[in-house]
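Coordinate analysis (summary)
The lines below spell out each chain.
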Amino acid sequence: DTAEANAMGYIASLKEYGIELSREEYFAKYFGMRCAEFLASVGVSHEDIPNVRRRKIELYPTFFNTVTLNESLWQWCQMLRRGGVKVWIVSTGHIDNISNVMRYLNIDGNVDGIITGDDVAHPKPSPECFLKAMDIVGVTPAETIIFEDSELGLEAARRSGAAYVRINLR
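Residues numbered from 1 in each chain as written. Predicted model: local features only at pLDDT ≥ 70, side-chain atom pairs only at ≥ 80, totals over all residues. Heavy atoms only, no water.

**Focus on the packing of helix α1 (residues 3-16) against helix α4 (residues 49-59)**
- At their nearest, the axes of α1 and α4 sit 8 Å apart, and the two run at 130° to each other. Between α1 and α4, the angle is such that the two are oblique. Helix-helix and strand crossings are classified by hand; for α1 and α4 the assignment is right-handed. Taking contact as the criterion, the partners of N6, G9, Y10, A12, S13, L14 and E16 in α1 are, on α4, V52, R55, K56 and L59.
- Among the residues forming the contact of α1 with α4, the class breakdown is five nonpolar, three polar and three charged. (Axes fitted to C-alpha atoms, helices over the stretch in contact; angles between N-to-C directions. Helix = DSSP H or I, 4+ residues; strand = E, 2+ residues; numbered from the N terminus. Parallel < 35°, antiparallel > 145°, perpendicular 65-115°, else oblique. Left-handed = near helix turned anticlockwise from the far one by under 90°. Contact = heavy atoms within 4.5 Å. Nonpolar A, V, L, I, M, F, W, Y, C, P; charged D, E, K, R; others polar.)

Quick look at the structure:
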């Protein structure tokens, strides 16, 4: 669960640019949005989006004390991997953020692939990210199960045609 660390990283970086955003507002309106879309919607200028994004990436690890691993889900996925099932992370996040968290949790190297927001043209709720992972693995939606924690991700999972499970982190 990186939601709190992401929220705090965004809130801190936005504050440096004079934009106040509460934790509650972030989770109610923006959780699960792609970074550039989110930053534009809270009033960051097109020119400043790369700078705010970079600053958020810098600040993000300072909030890793709020990151938790869903141990039950992780152990289940690792059991499936031992049985030959492919386990992928499909996220709207940036690869640097994903890699840093995986190292922090000591789980890097324990997935078969990662699709990030940078790997697709259309963010969630488009199913493109899930369909791309399925295409790379060589499976159909009928052979796939998706675990999601955001409304946008759940909609993308539904649109992909795969089975999906809502993960409640809070």
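**Some remarks on the pattern of salt bridges**
- Taken as a whole and assessed by the stated rule, the structure comprises 10 salt bridges.
- Among the salt bridges present, the one from E4 reaches R23, with a minimum N-O distance of 2.9 Å. In this pair, E4 sits in helix α1 while R23 sits in helix α2 (residues 23-30), placing the two residues 19 residues apart along the sequence.
- R55 serves as the salt-bridge partner of E16, at 2.8 Å between the closest nitrogen and oxygen. One end of the pair, E16, is in helix α1; the other, R55, is in helix α4, and 39 residues separate them in sequence.
- Relative accessible area serves as the criterion here: at 26%, R55 is assigned to the partly exposed category.
- One continuous salt-bridge network, built from bridges that share partners, spans E16, R55 and E58. (Salt bridge = Lys/Arg side-chain N within 4 Å of Asp/Glu carboxyl O. Buried < 20%, exposed > 50% of the residue type's maximum accessible area, 1.4 Å probe, protein only.)

**Here we look at the side chain of T144**
- When you line up the elements, T144 lands in the loop between α7 (128-137) and β3 (145-148).
- Overall, T144 belongs to the buried group, its relative accessible area being 17%.
- In this view, T144 contacts M134, V139, A162 and A163; residues no more than four positions away in its chain are not counted.

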